[in-house]
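Remarks on the overall topology
Chain residues, written in single-letter form:
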Amino acid sequence: MNNTLEETIARITPELIETRHHIHQNPELSDQEAGTARLVAARLAALGLEVRAEVGGHGVIGTLRGARPGRTLALRADMDALPIGEESDLPYRSQNVGVMHACGHDGHTTVLLGAAQALAAERDRIAGSVRFLFQPSEETGQGARRMCAAGAMDGVDAAAALHAWPPLPVGQIGIRMGAMTASADTFDILIHGSGAHAAYPHLSADPVVAAAQVILALQTLVSREIDPVEPAVVSVTQVSAGTAPNVIPETVRLAGTVRTHSNAVREAIPERMRRVVEGVCAAGRAHAEIHFRQGTPPLVNDPSVAALIADAAGETLGRENVILLPHASMGAEDFAEYLAYAPGALLRLGLGQPTPLHAPTFDFPDAALPVGVRVLSAFALRFLGA
Ligand SMILES: [Zn+2]
Ligand SMILES: [Zn+2]
């Protein structure tokens, strides 16, 4: 590992801790990240970066141009907080009632600011440019898509991001070659039958019974129609119908989520779901309307970018601190959107704490800040041929 980079990171860490505390104390919900975005833009401008604000909402892009021409690397952080009331005695606990940084995005934002500062000091060793993407609205799954639509990935050769990961110790990262997180699509099914007095079911086409059979039949999509070595989840999570105990209703609404780790499986499910739902409903003299909404795609790490990150991280943290994760997650992460434009990878940054993400007592540990900065900076210098 490069000495001047290590020195810079050691020097800026106390300031990064203060920055993280400030952002933690002033959390902003998705689409409301104006204050955080102002702080980010001011810091990037002070480093002499080219800054573009209000990208795809409150997104901020900072560009660091190296001393020589070369490729373009995008590094991304998310800035939004969650609608959770913080339960904490921390001196820097949230001052925005009912809103808190429970997913570590205060840490992500600070780490990326730290990487910008560390890499700006290494400008002479950079061939090409680093584009720092600070996106809004990750928790609603909208921010990355809007950043991309606004040109955030134009001309980018590779992209990387990190996410806080409580179970790994501080000082370690986790990564995978291949699937990292799942797609998250949603469906809405309206089952139309015909209503009647509950005492005369033969005069109805009961949508409640059809819906019950549809819910069970949907369980066979994963178990009987998807290759068992391909992860997939189909969950019906909402069931609504009826107005009175003695009335068979006209309609039932079902809604739920579909999760997959590959685009092939993701694309196969809607047609199969349609066939099962329509077939089961026809058997019960009901008919169905099915609406799919595509959300976040599966996040599949590019093996060569992931290998380069693992290598650079191994050099700065020690090989034993780079963990090849055995499993991908069925959760979703909208960093996947950027990977439609360029190869890239997401890594997990160890936090070493029992509190899970999205818990009201969560807090990103300060000790993980310099670790994240070291990994992103070392990878950037490696990728840009320094
Ligand atoms: Zn989250
Ligand atoms: Zn998150």
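First, a word on what this report is: a plain description of the structure on this page. (Residues numbered from 1 in each chain as written. Chains lettered and ligands numbered in written order. Predicted model: local features only at pLDDT ≥ 70, side-chain atom pairs only at ≥ 80, totals over all residues. Heavy atoms only, no water.)

**Remarks on the packing of aromatic side chains**
Scanning the entire structure with this criterion turns up 2 aromatic pairs. Look at Phe-335 and Tyr-338: their rings are 5.6 Å apart centre to centre, the planes differ by 40°, and that puts the pair in the tilted class. Side by side, Phe-335 and Tyr-338 carry an identical accessibility label, which is buried. A centroid spacing of 6.0 Å and a plane angle of 45° characterise the contact between Phe-379 and Phe-383, whose relative ring orientation is tilted. Taken together, the residues span about one helical turn, with Phe-379 and Phe-383 both in helix H8 (residues 368-383) at a distance of 4 residues. Judged on exposure class, the residue Phe-379 and its partner Phe-383 are both buried. Just above the ring of Phe-383 sits the side chain of Arg-71; from NZ or CZ to the centre is 3.8 Å. Of note, Arg-348 hangs over the ring of Trp-165, and the distance from its end group to the ring centre comes to 3.7 Å. (Phe/Tyr/Trp six-rings, centres within 6.5 Å; stacked < 30°, edge-to-face > 60°. Buried < 20%, exposed > 50% of the residue type's maximum accessible area, 1.4 Å probe, protein only. Helix = DSSP H or I, 4+ residues; strand = E, 2+ residues; numbered from the N terminus. Lys NZ or Arg CZ within 6 Å of the ring centre and 35° of its normal.)

**Concerning the packing of helix H1 (residues 3-25) against H8**
Running from amino to carboxyl end, H1 crosses H8 at an angle of 135°, the nearest separation of the two axes being 9 Å. Comparing their axes, H8 and H1 come out oblique. Classified by chirality, the crossing of H8 by H1 is right-handed. Where H1 abuts H8, its residues Leu-5, Glu-6, Ile-9, Thr-13, Leu-16, Ile-17 and Arg-20 lie against Leu-369, Pro-370, Val-373, Arg-374, Ser-377, Ala-378 and Leu-381. Residues of the contact of H1 with H8, tallied by class, amount to 9 nonpolar, 2 polar and 3 charged. (Axes fitted to C-alpha atoms, helices over the stretch in contact; angles between N-to-C directions. Parallel < 35°, antiparallel > 145°, perpendicular 65-115°, else oblique. Left-handed = near helix turned anticlockwise from the far one by under 90°. Contact = heavy atoms within 4.5 Å. Nonpolar A, V, L, I, M, F, W, Y, C, P; charged D, E, K, R; others polar.)

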